[in-house]
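# Per-entry structural report
Below, each chain spelled out in residue letters.
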Amino acid sequence: MDSHLPWKVVSLVSAGLVFFAAGCRKTPHITLACEATPPAIYQGEPVTVNAKAGSVSTKKHTDVLYTWSGTGVTGDSATAHVATDALNPGTYAVNAEVKEGKKGKEGRKPEESATCSASFTVKEFEPPTASCFANPSTLLPGGHSSITCTGVSPQSRPLTYSYSASAGTISGAGTAAEFSATGAPSGPVTVTCNVQDDKNHSTTAETSLSIQAPPPPPIPHVQSLCSLSFERDKKRPTRVSNEVKACLDEIALSLQANPDAKAVLVADSTAKEKETTAKQEQHAAKHKHAKAQYFAEQRAVNAKDYLVREKGVDPARIAIATGSGDDQNVQDYLVPAGASFSDDVQGTTFINETAFTPEERKPLPFTHRIGKPKS
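A brief structural summary. Worth saying up front: this structure is predicted, and the values here are computed from it rather than measured.

### A word on the state of the cysteines
Applying the stated criterion to the full structure yields three disulfides. Here Cys132 engages in a disulfide with Cys193; their sulfurs sit 1.8 Å apart. In this pair, Cys132 is assigned in strand S11 (residues 129-135) and Cys193 in strand S17 (residues 187-197), connecting sequence segments 61 residues apart. Cys193 matches Cys132 in its accessibility class, with the two residues each being buried. In this model Cys226 forms its disulfide with Cys247; the gap between the sulfur atoms is 1.9 Å. Its S-S torsion of about 100° marks the bond between Cys226 and Cys247 as right-handed, since a negative value means left-handed. Of this pair, Cys226 sits in strand S19 (residues 223-229) while Cys247 sits in helix H1 (residues 242-257); the two residues are 21 residues apart in sequence, bridging distant segments of the chain.

In structure tokens:
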């Protein structure tokens, strides 16, 4: 064996030789491994990176130095921390280097340094979710409903709320709003609840309301007024007496208080009066100048004449008719605008007023037996 070869035989093992290079390092190169914890976070959450060195020299006075680099990375030992408040979603690398050696001379030899890299991911914030509820959900025109919106951010980001409606008006802030159906047509209305976090992620939720058609106005009906009695004056059973006038004055006041209403006076006659009228009609059929007396009709005509002449009521607001009663009364009715007299009061026949002349209100002539005229 050539003595100039740079090898020396250490031992002879089996059939082979084991050689060591002269001047070879007795310890292996230093190594470095890095790990980021946790590997995925949301913006603002902390990240810790640990570096673990291997094959570090055990010689006395050996110094080990760590250096770190990367966005938001700080550290001067085997552990570094990453500030993620300003990091946008994405993947980031953290780099570390370790050097060993005598103090002030660390890493001068290639085998005295090593590097490693660890990565972590900043995840995109998840958008919020929302639910929307209306109470009540069925409204009359002009009604109001309370709107409640519940927003949830999976990462507990701050949320803002806004609202809109397909009809009507809505106002409110935060999780509560109020809907007004004023001016909205009847039918369905959609209320949209909008929720947005501070990262401009947004979502919407909807709730439905129903505005009912306004109820029809109540149907007006005929109202009964006071009744006129012609029974006391036996000799003039169709004359408007003072007692009758008192009731007619009340009717005039009712018409004055209800300018859109009308009055209907329904007069009756007794069976005896009807029999008298029938006989007079038979007599008038045979004698040219004979006339029949119609008691019910005359009572109604005289009562209307008093309202027109004495109380100034427009004659167009007063209708007169006969009824089917067996008495000497006149039933009086107030007919509001929109009411149907024929629906509310049956068994009447309207009078042809042109066939009758109102009777003048004259007192009875003075007689010694009576002593003074009746009113």
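From this point, the narrative continues.
### Let's talk about the sheet that holds strand S7 (residues 73-74)
Strand-to-strand pairing in sheets goes through backbone hydrogen bonds, with the strands running parallel or antiparallel. On the basis of which strands lie adjacent, the open sheet formed by four strands has the order S3-S5-S8-S7 and antiparallel pairing. Strands at the two margins of the open sheet, each flanked by one partner only, are strand S3 (31-37) and S7.

### Some words on the side chain of Thr84
Relative to the elements of secondary structure, Thr84 occurs in the loop between strand S8 (79-82) and strand S9 (90-102). For Thr84, a relative accessible area of 2% gives the class buried.

### Things to note about a positive patch on the surface
Taken together, the side chains of Lys59, Lys102, Lys105, Arg108 and Lys109 define a basic patch exposed on the protein surface. With respect to the helices and strands, Arg108 occurs in the loop between S9 and strand S10 (113-123). Classification of Arg108 by relative accessible area gives exposed; the value is 60%.

### Overview of the sheet that holds strand S13 (residues 144-152)
Strand order in the open sheet formed by four strands is S11-S13-S16-S15, with antiparallel pairing between adjacent strands. Among the strands making up the open sheet, the edge pair consists of S11 and strand S15 (169-173). Taken pair by pair, the neighbouring strands of this sheet meet at an average axis angle of 20°, ignoring direction. Taken together, the seven bridges between S11 and S13 define a ladder with antiparallel strand orientation. For Ser131, the partnering residue across the bridge sits in S13 and is Thr150.

### Looking at the packing of aromatic side chains
Counted by the stated rule, this structure contains five aromatic pairs. With a centroid separation of 5.8 Å and an interplanar angle of 20°, the aromatic rings of Tyr92 and Phe120 are classed as stacked. Of this pair, Tyr92 sits in strand S9 while Phe120 sits in strand S10, and the two are 28 residues apart along the sequence. For Phe120, a relative accessible area of 1% corresponds to the buried category. Centroid distance Tyr333 to Phe341: 5.7 Å. Interplanar angle 70°. Geometry classified as edge-to-face. Across this residue pair, the class does not change: Tyr333 and Phe341 are buried. Above the plane of the ring of Phe125 lies Arg157, whose end atom (NZ or CZ) is 4.8 Å from the centre.

Definitions and limits used
- Sequence order as written defines residue numbering, which begins from 1 separately in each chain.
- With pLDDT at 70 or above as the cut-off, local features in this predicted model cover only qualifying residues; side-chain atom pairs require 80 or more to be listed or tallied, and sums for whole chains, interfaces and linings still use all residues.
- Calculation of side-chain values draws on the structure's entire complement of heavy atoms; hydrogens and water are dropped beforehand.
- By definition, disulfides here are pairs of cysteine sulfur atoms that lie within 2.5 Å.
- To qualify as a helix, a DSSP run of H or I must reach at least 4 residues; to qualify as a strand, a run of E must reach at least 2; elements of each kind are numbered from the N terminus.
- Burial classes: relative accessible area under 20% of the type maximum marks a residue as buried, over 50% as exposed, and values in between as partly exposed (1.4 Å probe, protein chains only).
- One bridge is not enough; two strands pair if DSSP finds at least two bridges between them.
- Each patch is built from salt-bridge-free residues with over 30% relative accessible area, joining like charges within 9 Å and nonpolar side chains (Val, Leu, Ile, Met, Phe, Trp, Tyr) within 5 Å.
- Computed with a 1.4 Å probe, the accessible areas rest on the Shrake-Rupley method; for each residue, only the protein chains presented here act as cover.
- Salt bridge criterion: a side-chain nitrogen from Lys or Arg within 4 Å of a carboxyl oxygen from Asp or Glu.
- Neither His nor the chain ends is counted toward charge; the positive residues are Lys and Arg and the negative residues Asp and Glu.
- Charge placement uses NZ in Lys and CZ in Arg. For Asp and Glu, CG and CD serve respectively.
- Angles run from 0 to 180 degrees between N-to-C directions of axes, and those axes are lines fitted to C-alpha atoms, restricted for helices to the stretch in contact.
- Stacked, tilted and edge-to-face pairs are distinguished by plane angle, under 30 degrees for stacked and over 60 for edge-to-face with tilted covering the rest, among Phe, Tyr and Trp rings (Trp via its six-membered ring) whose centres lie within 6.5 Å.
- A ring is considered to have a charge above it if a Lys NZ or an Arg CZ atom is located within 6 Å of its centre and within 35 degrees of its normal.

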